[in-house]
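Letter by letter, the chains look like this.
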Amino acid sequence: MGERWRVAVDRSVCIGSGMCVGAAPDGFRLGPARQSHPVAPETDAAGSVLAAAEGCPVEAITLTVADSGAAVFPPEE
């Protein structure tokens, strides 16, 4: 079994650009207020989900390793 990630969207930062939905349509949805939310709080590690986080214009998406809590995106400095 591969790595699992926790996916979170800070809705106080999200501007509803929809770029995450375009990058990972199985991973994100826009709600009625045009705010992003993950389809599931945990997902298999996937390039599309990472691309969605990296492509968010306001960096509202965070990814962490489900087992350890280690940062995936944004990376720890």
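What comes next concerns the included structure. (Residues numbered from 1 in each chain as written. Predicted model: local features only at pLDDT ≥ 70, side-chain atom pairs only at ≥ 80, totals over all residues. Heavy atoms only, no water.)

Quick notes on the sheet that holds strand 5 (residues 61-65)
Spelled out, the test is: Strands were regarded as paired on the criterion that DSSP finds at least two bridges between them. Numbering of helices and strands runs from the N terminus; a helix is a DSSP stretch of H or I covering at least four residues, while a strand is a stretch of E covering at least two. Helix axes are fitted only over the stretch in contact, all axes being lines through C-alpha atoms; the angle between N-to-C directions runs from 0 to 180 degrees. In this analysis, two residues are considered to be in contact whenever any of their non-hydrogen atoms come within 4.5 Å of each other.
Strand order in the open sheet made by the four strands is 4-1-5-6, with antiparallel pairing throughout. If you trace the sheet from one side to the other, it starts and ends with strand 4 (42-44) and strand 6 (71-73), each paired once. With direction set aside, neighbouring strand axes in the sheet form an average angle of 35°. Inspection of the sheet shows strand 1 (residues 4-9) paired to strand 4 by three bridges, in the antiparallel sense. Directly across from Trp5, in strand 4, lies its bridge partner Thr43. Sitting on the sheet, helix 2 (residues 47-55) is in contact with strand 1, strand 4, strand 5 and strand 6, with an inclination near 140° to strand 5.

Re the nonpolar core
Soluble globular proteins tend to bury their nonpolar side chains together. Selection rule: Buried Ala, Val, Leu, Ile, Met, Phe, Trp, Tyr and Cys residues that are joined via side-chain atoms within 4.5 Å together make up what is termed a nonpolar core. Working definition: with a 1.4 Å probe on protein chains only, accessible area under 20% of the residue-type maximum means buried, over 50% means exposed, and in between means partly exposed.
Judged by nonpolar contacts, the single largest core of 15 residues is most densely connected at Val7, Val9, Phe28, Val49, Ile61 and Leu63. Of all the elements in the fold, those that place two or more residues in this core are strand 1, helix 2 and strand 5. Leave out the neighbours within four places in its chain, and Leu63 touches Trp5, Arg6, Val7, Val49, Leu50, Ala53, Ala70, Ala71, Val72 and Phe73.

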